[in-house]
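So the chains spell out like this:
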Amino acid sequence: MPDEDHVTVGKAINRKDGIAKVTGATVFGNDQNAYRQLHMKSVYTHYPHVEIESIDLSEAWKVPGVVDIIVARDIPGNPILFGRFPVLVSDRARYIGDAVAAIASESAESAEMAAAAVCIRYGKQFDVLTTVDQALAPDAPMIHHDTQGNRIDYASHHLHDGNAEAVIREAPKVIRHSYATQFVDNGYIEPEAVITEFDPNTDTVVIRGTIQNPYNIREALAKVLDRPLNQVRVIQSGIGGSFGGKDESMMFIASRAAVLSLRTGRPVKAVLTREESFMASAKRHPITSNYEAGLDENGRLLAIKSLHHMQGGAYNKQAMFANWRGSIHAAGPYAIPHVCTDIHGVHTNTIFGGAYRGFSAPQVVFGIESFIDECAEAVGMDPVRFRLLNCVKPYDRLPTGQVLDPAFMPANVADLIELVCSKTDFEKKWERNRIARTEVGSTSVVAGIGLSITFRGVGLGGEGIDTGSATVTIDADGKVRVQSGFTEMGQGLSTTLCQIAAEEFGIDSTWVTWSQNDTAENMDAGPTVASRGIVSGGNAVKDACGKLRKRIEEVLLPKWMAPEGSTLHFSDSAVYAMTPDKELLNRIGFAEAARICLKGEGISLRSLGWHSPGPQYFDHESGQGPAYPSYLFGATVAEVEVDQGTGVIVVKRITSAIELGKAINPQIVRGQFIGGAIQGMGYALMEEMDCSDGYLHTRNFDDFLMPGAMDIPPIDIIISETDVHVGPYGAKGIGELGIEMIAPAIANAHANATGKRIRELPLNLERVVLGHAL
Amino acid sequence: MMDIRCEINGRVHDLTVGASERLVDMLRDRLGLAGTKEGCGIGECGACTVLLDGTPVASCLVLAAQADGHRILTIEGLAAPDGTLHPVQQAFIDAGAIQCGFCTPAMVLCAYALLSNTLEPSEREIRTAISGTLCRCTGYVQIIEAIELAAQRMRQYSQ
C-alpha cells in the first residue's frame, strides 16, 4: 500500500556531486581547454575617469604569439550591454575596470605581455566622483550625459503608505539616525573563467564557463554578436561559488572572447586573475540610509520615513531590481501605520554594485534593525519587548497593503523572537551587560548580546516575471534525468531537485541524475537568483513529474482495464493501480512501467515542467500591492566580546530561528544558512573594498579579509517548518536569509557591550576603537 | 630549464621545468592534475594546497624546481586505485562539508595531513589545520564536523 508520507523529501541525502568534488574531478571554468585555443587578456584603463584619445596597438602586435586584438569598433553588434556596461570603451573610461582592448594570443604569458605593450593616449582627466554626495552635488559633472543628475536609470523606488511625514511631525517621540554600508566582494574562491568557440556546423557560438545566469549571458552576447538567440549557446561549467557575482564580469569576458573566436575561428579562453576579478566583478553596493521614526508614549511605532541612496558605480544592471527589494524591506517586519520609503541608485566613478547574496536586503536590514534598537533605547524599552510590541502578526497588513495570510506566510516572527531569546537567556544577559559596562574601564573586554529580525520576500516578486523550467526524462530502465533551467553553483540545488523527482515517482534518489545547465537543452528559466531555485525550479520539476505520472496512468489503467475512477500510485520503486474502493488492482515495478510506455506503447516519457507564480500586480509609483507571493521570517541573536583596547570583536555564538516553510534537505539547508551567516559576519566585522579615490586598493585576499576557520563561532539554528503553499512541499528557499540578520545583531551586541553605537559597516578595529574609519 | 625528479601521487616523474615555473602550473598544465585549484596566486586562499612530503604547501608559491627530490600528494592521489574514497573524503560527503567544491581538494588534503599525525585532534587543531584555506560557501562548520567524523571513523578502523 502506498505510503502517504514523504520518503525522500525532508531527508539529508548526500549531494549528487559529492564524489566528484572530494576527488577533485569536477570540471571548473579554468579546468576546460580546447584544441588550438587562444588565451585572452583585457587591457584596462590606468585612470578611473578620463578621456581616451587614441589606442596604439603597434607594439602589442609585435609580441610573438599575438593572433588578434580587438577594440570597441570591432564589436559586430551592440557595443553597450544592459545597464550601460560597454564591452570595451573607446572614448572615455568611467571606472578603473573599464577595458579598452582585448588580446588573443597563443599563450597566456604572451597575451599578458601584449596587453602591457598597448599604449593608451589619454586626454582630459575628469573629476572622479567617488561618493553619492559628490555625484548628487548640483554642480557635479555627469558620468553619463543622459542620466538625471547621475541617478541610475529606473533605480528609484518608493513605498508610500499613509502620511508618515505628518505623523512624525506630531509624534510624542521622534528618533532620527543614519546608517552606512560598504562595497563588499562576493569572495568566491574561484576566479571567473570562460572558453568560447565558434561551431561552423551549427553556425553557433558556444560559451562554456563559470556563468551563474546562462540565459542573461546568452541574451547579452546575442546583442553584442548580432546573432539570434538560437545561435548562441551557453553551457555552464562547474562554478566555484558565485553568490550573485558571476554575471557582469562573465558578460565582459565572454563577449570579448566570443568576438575574438568569431574573428580568428579559434577557441578563446579567458581566466581572470584575482586582481581583475575584484576590479571587474559586481559588489554588494553601499547604501546610506536615513531613518526617522515617530513613536507614541508606549513605544508603539506610529510612522517610519526613510531615504536610501545606493552607490551603484559607473554602470549598473541590478540597481533597478535590488532597490525595489530594498524598498519593500526597508521598514522591516513591523506593523507600522505610516511608512514612507524612498530609495535611489547613484552612479559614481568606482567599482560597481550588482548582485551579492541578499540583494539590497543586507544593507537595509542593517539600517532598520540597528535603528529599531535605537528606537527601543530612546523609549526606555529593551529590544525584545520593543520588537514583540511592534512586529507583524498573522493577518497584519504590510506597508505594501499586502495582508499576511497564514496560508501563504505564517508571520510567526514573534514566536521566533521568543525562541531565540529564551534559548540564549537574552533579556537577562542584555541587562547584565548593560549594567556591567558602566562598571568597567574603557579598555577592558566587555560582553554584548544583540538581536535582529527579518522577513524576506520569496522569489522575484514585483521585480519582474518569475518563471522556472525543468525537463524530466524517464529512460527505458526507469532511471530519471532532471535538466533544470537553474544553475548549480554549490548551493545544492541539483541534489534537491533530484530529491523532488525521486519523491514524485516514489523511487530512490540514486535513480535520478542531473545535468548542468545548457541553453540549447533547457527553456529559459531566467536567472538563478533570489533563492528562487527551490520554489520556481522545484515546482517546475514537480510539474514535469506530475505530467509524466499522468501519462503513465493513461497508459496503464486502460491496459489493466481498471474501473472508472481508479488511480495509479507511485511508491517503493513501483506503481500501484488502486480501484475507487481502494482495492489493489495491479502492481508493477517503476522500470517496467517505463518500459511499457516507451517500448510497448510508444509513449514519450519526457516532459517540460514550468512554473510561474504569475505576475505580481504591483503599483511601482506608490509601492502598493502584493510584492511577493510569500515571505520567510527569522530572528537572530549574536553574542560578542568586545576588546575596547584593540577594537577586536569576537563573536562567541550565533543563535537563529528561521521559518522557511519546508526543508527539502536539512543538511543542505543548514549549510546554506551557516554559509550565509558567516558571510554576514565577514560583512559585519572585516570585509570592505576600498575604492575611495577611484582606484581599487583592495586587490587580493591579503587586503580583502574574509572569515577563516579560526573565526567561526558556534551557530545554533532552530528551524521552524510551517504549512504554506508556495514552493514544492511548502519549501520557500533558504539561500539568503542567513546573511541578513548577522550584521545588525552584531552591531546591536556591540552597542549593548560598550554603550556606543557604530552606524557604519564594517565594525573593524578602527571603528570600534576610534568610532570612525581611519 | 632544469631537469627534476619527484614522486607525484606515488609515481616517479622525470620532468624538465622552467626556472620560474610554479608547482601549481606544473601539476595542472603539464600533468593534467586539475584538482589543484588556483584562487589568488599569492598564497592567501589556499585553494592550490598540495602536500609536499606530507606537509601542506601553497603550490602557487612553490617553484616546480623545488619539488625535485620530494614527494607530492595531490587530491587525485588520495582515493584508493579502485576508486574507494579515503575516509576523509567520505566524511566530507557525509557531513555535508561540500558546497561549490573549489576549496574542497585543499581542505581534504589539509585534513588528511592532520589525521596522518593524530587521530585525536582537538577542535582547535582541526581549525588550525584548515586555517590556511579559505572557504566562502560553507562557513567551515560542516568541514570541521567532517574532519571530526573522519577522525572518529579512522580511530575505529585502526583498532
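Residues numbered from 1 in each chain as written. Chains lettered and ligands numbered in written order. Predicted model: local features only at pLDDT ≥ 70, side-chain atom pairs only at ≥ 80, totals over all residues. Heavy atoms only, no water.

(A) Representation of the packing of helix 3 (residues 104-117) of chain B against helix 5 (residues 141-158) of chain B. Residues and elements named next belong to chain B. Viewed as axis vectors pointing N to C, helix 3 and helix 5 meet at an angle of 40 degrees, and their least axial separation amounts to 11 Å. Classified by the interaxial angle, the pair formed by helix 3 and helix 5 is oblique. Here helix 3 and helix 5 pass one another in a crossing that is right-handed. On helix 5, the residues that touch M107, A111, L114 and L115 of helix 3 are I143, I147, A150, A151 and M154. Here the residues of the contact of helix 3 with helix 5 are counted per class, giving 9 nonpolar, no polar and no charged. (Axes fitted to C-alpha atoms, helices over the stretch in contact; angles between N-to-C directions. Helix = DSSP H or I, 4+ residues; strand = E, 2+ residues; numbered from the N terminus. Parallel < 35°, antiparallel > 145°, perpendicular 65-115°, else oblique. Left-handed = near helix turned anticlockwise from the far one by under 90°. Contact = heavy atoms within 4.5 Å. Nonpolar A, V, L, I, M, F, W, Y, C, P; charged D, E, K, R; others polar.)

(B) Up close: the domain arrangement of chain B. All names here are of chain B. The domain architecture assigned to chain B consists of domain 1 (2-77) and domain 2 (87-158). Look at where the C-alpha atoms of domain 1 and domain 2 centre, and you get two points 21 Å apart. Between domain 1 and domain 2, the residue contacts involve 16 residues of the former and 12 residues of the latter. A combined buried area of about 1100 Å² lies between domain 1 and domain 2, and 73% of that area is made up of carbon and sulfur atoms. Where domain 1 packs against domain 2, one counts 0 salt bridges. Here domain 1 and domain 2 share 1 residue pair in polar contact (both at pLDDT 80 or more) between them. (Domains from an automatic or database assignment. Buried area = accessible area lost by both parts, 1.4 Å probe. Salt bridge = Lys/Arg side-chain N within 4 Å of Asp/Glu carboxyl O. Polar contact = N/O pair within 3.5 Å; in protein donor to acceptor, adjacent residues only side chain to side chain.)

(C) Geometry of the sheet that holds strand 11 (residues 204-209) of chain A. Residue and element names in this part refer to chain A. Taken together, 7 strands build an open sheet; the order of strands is 3-5-1-13-10-11-12 and the sheet is mixed. Here the strands that pair on one side only, and so sit at the sheet edges, are strand 3 (66-71) and strand 12 (232-236). Strand-to-strand twist in this sheet, taken as the mean axis angle between neighbours without regard to direction, amounts to 25 degrees. With 6 bridges connecting them, strand 10 (residues 193-199) and strand 11 associate as antiparallel partners. (Pairing = 2+ DSSP bridges.)

(D) Spotlight on the interface of chain A and chain B. With 49 residues of chain A in contact, the opposing surface of chain B contributes 41 residues. Interface of chain A and chain B: buried area, both sides summed, is about 3600 Å²; carbon and sulfur atoms make up 59% of it. When the area that chain A buries against chain B is broken down by residue, the three leading residues are V22(A), I189(A) and M710(A), summing to 20%. Applying the counting criterion to the chain A and chain B interface returns 4 salt bridges. Measuring nitrogen to oxygen at the nearest pair gives 2.8 Å for the salt bridge that ties D31(A) to R28(B). Summed over the shared surface of chain A and chain B, the number is 24 residue pairs in polar contact (both at pLDDT 80 or more). Counting only elements with at least two residues in the side of chain A that touches chain B, the list comes to helix 1 (18-22), strand 9 (184-185) and helix 17 (666-685) of chain A. For the side of chain A that touches chain B, the leading source of residues is helix 17 of chain A, giving 8 residues. Here the residues of the side of chain A that touches chain B sort into 21 nonpolar, 18 polar and 10 charged.

(E) Examining the sheet that holds strand 5 (residues 71-73) of chain B more closely. Residue and element names in this part refer to chain B. Across the sheet, which stays open at both edges, the 5 strands sit in the order 2-1-5-3-4 with mixed pairing between neighbours. Where the open sheet ends on each side, the last strands, each with one partner, are strand 2 (11-17) and strand 4 (55-58). Taking each pair of neighbouring strands and ignoring which way they run, the sheet shows an average axis angle of 40 degrees. Pairing between strand 3 (residues 49-52) and strand 4: 4 bridges, direction antiparallel. Each residue of the ladder has a partner; that of L51, found in strand 4, is P56.

(F) Representation of the packing of aromatic side chains. Residue and element names in this part refer to chain A. In total, this model carries 22 aromatic pairs over all chains according to the counting rule given. Ring geometry for F85 against F252: centres 5.6 Å apart, planes inclined by 55 degrees, an arrangement best described as tilted. Here F85 is found in the loop between strand 3 and strand 4 (92-93), whereas its partner F252 is found in helix 7 (residues 248-264), with 167 residues between them in sequence. A relative accessible area of 0% places F85 in the buried class. F252 gets classed as buried once you look at its relative accessible area, which sits at 4%. Aromatic side chains Y179 and F366 sit 6.2 Å apart centroid to centroid with 90 degrees between the ring planes, which places their arrangement in the edge-to-face category. Note that Y179 is positioned in strand 8 (residues 173-180) and F366 in helix 10 (residues 361-378), a separation of 187 residues in sequence. Here Y179 and F366 have matching classes, each one buried. Note that K542 overlies the ring of Y729, its terminal NZ or CZ placed 4.4 Å from the centroid. (Phe/Tyr/Trp six-rings, centres within 6.5 Å; stacked < 30°, edge-to-face > 60°. Buried < 20%, exposed > 50% of the residue type's maximum accessible area, 1.4 Å probe, protein only. Lys NZ or Arg CZ within 6 Å of the ring centre and 35° of its normal.)

(G) Structural detail: helix 12 (residues 413-424) of chain A. All names here are of chain A. Between its first and last C-alpha, helix 12 extends 17 Å over 12 residues, near the 16 Å set by a 1.5 Å rise per residue. For helix 12, the full list of buried residues reads V413, A414, L416, I417, V420, C421 and T424. One side of helix 12 carries all its buried residues, which in axial view fall inside an arc of 160 degrees. Away from its buried face, by an angle of more than 90 degrees, helix 12 presents the exposed residues S422 and K423. (Expected span 1.5 Å × (residues − 1). Arc of directions from axis to C-beta.)

(H) Representation of the pairing of strand 2 (residues 50-56) of chain A within the structure. Residue and element names in this part refer to chain A. With 2 bridges connecting them, strand 2 and strand 4 associate as antiparallel partners. Residue V50 lies in a different strand from strand 4, and its bridge partner there is A93. Sheet topology note: the strand 2/strand 6 (residues 119-125) ladder contains 5 bridges and is antiparallel. Note on strand 6: the bridge partner recorded for V50 is Q125.

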